[in-house]
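The primary structure of each chain is shown beneath.
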Amino acid sequence: MDRLPSNFRLRHGILLGTILFAGVPWYWTEDTVRPFILGLPIWAFVSLAMSVVLAATAAWIIIRHWKDDE
Amino acid sequence: MNPVILLLLYLCLLIPLAWLGHRCSTGRTPHDFYIAGGRVGFVVLLATLFATQYSGNTFMAFPGKSYRLGYAFLMSVPFMMAIVLCYLFYAPSLRRVALRFRFVTPCDWIHHRYQSLPLTLTCAGLMTWALLNFLLAQLMAMGHAVSGITEGQISYTTGVLFLAFVVVLYESVGGMRAVAWTDTVQGIMMAVAVIFLGGWMFTGQADLATLPERILAVAPEKIQPPNWKVCATWASSIFIVGVGGSMYPQAIQRIYSAASTRTLKRTLAVMVFLPLVTALFAAIMGWMAIPEFHSLEKIESDKVMTLVLAEIAQLGPLLNFAVLLLLLGALAAIMSTADSVLLSLSSILVQDFYAKTSTRAVPEETLLKYGKITSWLLMAVLLIFALQPKVTLWRLLELKFEVLIQVAPAFVLGFYLRRLTAGTALIGIAAGTSIAMVGFVQETKWFGCHPGTIGCLVNLAICLTMCRRGKRSS
C-alpha cells in the first residue's frame, strides 16, 4: 500500500473487524436461548453488547486518530 | 387531532424552508446548489446524515424483515454501524482532495484519480441504477405511510403523487440547503417519535421482558441462535450494507458539504451510535408483531409496523398521538431520503453524464437549470413504477446494494494503490457486477452470502492481484 489516510492504521481496521466478528453469533449452539437478559436471549444480548463496544471503539478512532488537518 | 390536518401542517412547514434555502444561496453554481457551498455545520450535518441514512427502509422494511427473521435481525445494528466504519477508510483523504478541487459528485473523485471517461461513466451508471432503485423504494414507502397515518382517508396512489410533488418542489427550489434544513426538521421529528415510543416500550409498558417467552411459545425458531447460514448472511450483510451504504452518493456529497473536518468527525462519532436507537427500535417493532400476528405473507409483512402501531394506538389517546407522531416521523424519514437521493441523482446525471461528455464547456448556470429539469423528469418516470408495487421493499434494498457495492474497490483503493489503473478497475467492476446480477436473477444467496458480496470480493481480488502483477513486471 502506498499510504493510509491520516492516522488511521491497519491495526484499527483489524480491531474493528475483530469486534464485528465477535458480534456474529456463530459460536452458540441452537438450543442456547436462556437466560433472558433485558428482554433478549443471552446470545442476542452478547451480540448487542458487542455492537455497543464497536460504536465506542469507532468513535474513539474517529476523534483520536483522524487528523484534523484543515 | 385529525391526522390529515397534522400531515398538512407538517407539509406546510417544508415549503418556507425551501424558499429560505433558495434565498440563502450565495451563487447560482452547482457547488452551491448541490453541496451548499461546503458550509454545513454540525447540527444540520448530523440531522441531514441521520435523516438521509434512516429512511423508508428503516421504518417499513426493517420491521418486516425483523418479523420474518426474528432475533437474528439484530444484525441490523452492526450493519448500520458498518457504514460509518467504512467511511474511515476513505473519508479523510477524500475530504482533502474534494476541498481542493471543489468536487460536486462522487464520480468527480473517480474522474480526478483515473482520468478515464469510461470508468467515470460506468461508476456513475452503477450509482444511478442504485439511486433509481432507492428512490423508487422511498416513493412506495411514502404511499404506505400516508395511507397508514390517515387511516386510509388518503389512498396509496394519492399519497405517492402528492408527496412526490412536494419533494421535487422543495428540492428543485432550494437545493442542498433546502434538503438539509427540511432534513433537520424531519430528523427532529423522527428522533422525538422514536424517543417517545421507545421510552414507552422500555419503561415496561409494552411488556418487553416477557416478549421472548411469548415468541418462544409460537415461533421458537425466531428466538434461537441463528444457524451457520444465517450467520453467514449476518456477516455478508455487514459487508454489503457497510460498503454499499458508505458508497451512497448523497452521503459522500455530505462529506464534501461539511463546514470543516472537525464538524465531519464529530458528526460521524455521533452517527456510529445511532443504530443502537433507530435500527434496534425497528427490530423490536418486528419482534413485537411475532406473537400477535401469525403467518403473514411476505408482501403483507412489510406492513407489520403499521399493524403493531394500530394495536398500540388503541391503548389510549396519548399513545394514539405518539403513534401518529411516529408515523409522521417515518414519513419524514422517507421524504428526507427521497429528497437527498433525488438531488444526488440529478447532480450525477447532469454533472457526470452530461458535463463530462460534452465536447464544449457548459456554463454552470445551464448545468443548474438542466439539473432542476432532470429532477422533475426523473420523478415523473419513477411514479409510473411506484404505482405498481410488485416486490417487497427489502428486495429493492438488496438490489441497490448489490450494484452500488461494486464501485467501492475502484473508489477506495484509488487512495491506496497508485498502480491501480482504470482498465483494471473496469475489469473488476465488470466481473463483480456480473456475479451480482447472476445471483440476483437466480434469486438466491450462495452459502448464505449475498451475490453482491461475493462479486465485490472478486472485484477486490482482481484489483489487488493485477496491481501486484504490475508492480512485479515494472
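Shown above is the structure to which this text applies.
All of the points below concern the structure found in this document. (Residues numbered from 1 in each chain as written. Chains lettered and ligands numbered in written order. Predicted model: local features only at pLDDT ≥ 70, side-chain atom pairs only at ≥ 80, totals over all residues.)

1. Considerations on the overall build of chain A
Then step 1. The helix and strand inventory of chain A stands at two helices and two strands.
Then step 2. Scored against the burial criterion, the 70 residues of chain A give a buried share of 30%.
Then step 3. The long-range fraction of contacts in chain A, counting pairs at least 24 apart against all pairs at least 6 apart in sequence, stands at 69%. (Helix = DSSP H or I, 4+ residues; strand = E, 2+ residues; numbered from the N terminus. Buried ≥ 20, exposed ≤ 12 C-beta atoms within 10 Å, placed from the backbone. Contact = placed C-beta atoms within 7 Å.)

2. Let's talk about the overall build of chain B
Then step 1. In terms of regular secondary structure, chain B is built from 22 helices and zero strands.
Then step 2. When its C-alpha atoms are laid out on the principal axes, chain B stretches across 70 × 55 × 40 Å.
Then step 3. Buried positions account for 59% of the 474 residues belonging to chain B.
Then step 4. In chain B, the share of contacts with a sequence separation of at least 24, taken over all contacts with a separation of at least 6, comes to 84%.

3. Overview of unusual backbone geometry
Then step 1. With an omega of 0°, the peptide bond running from Arg34 of chain A to Pro35 of chain A counts as cis.
Then step 2. With respect to the helices and strands, Pro35 of chain A occurs in the loop between helix 1 (10-23) and strand 1 (36-37).
Then step 3. Even without a glycine there, the phi angle at Gln115 of chain B is positive, about 50°.
Then step 4. Positionally, Gln115 of chain B belongs in the loop between helix 7 (106-114) and helix 8 (117-149).
Then step 5. Note on Gln115 of chain B: 10 C-beta atoms within 10 Å, which makes it exposed.

4. Structural notes on the environment of Gly245 of chain B
Residues and elements named next belong to chain B.
Then step 1. Examined against the element boundaries, Gly245 turns out to sit in helix 11 (residues 228-246).
Then step 2. Classification of Gly245 as buried rests on a count of 21 C-beta atoms within 10 Å.
Then step 3. Separated by 163 residues in the primary sequence, Gly245 and Ala82 place their C-alpha atoms 8.4 Å from one another.

5. Comments concerning helix 14 (residues 278-292) of chain B
Then step 1. When the terminal C-alpha atoms of helix 14 of chain B are compared, their 22 Å separation across 15 residues agrees well with the 21 Å that a helix rising 1.5 Å per residue should span.
Then step 2. Most of helix 14 of chain B sits inside the fold, with 13 of its 15 residues counted as buried. (Expected span 1.5 Å × (residues − 1).)

6. Notes on the interface of chain B and chain A
Then step 1. Taken together, the contact pairs 39 residues of chain B with 36 residues of chain A.
Then step 2. When its residues are assigned to classes, the side of chain B that touches chain A shows 31 nonpolar, five polar and three charged. (Nonpolar A, V, L, I, M, F, W, Y, C, P; charged D, E, K, R; others polar.)

7. Observations concerning the environment of Leu94 of chain B
Residues and elements named next belong to chain B.
Then step 1. With respect to the helices and strands, the residue Leu94 is situated in helix 6 (residues 91-101).
Then step 2. In this structure Leu94 comes out as buried when scored by C-beta crowding, with 22 C-beta atoms within 10 Å.
Then step 3. Considered as a pair, Leu94 and Phe447 are 353 residues apart in the sequence and their alpha carbons are 35 Å apart.
Then step 4. If we ignore the near neighbours within four places in the chain, the residues touching Leu94 are Trp109 and Ile255.

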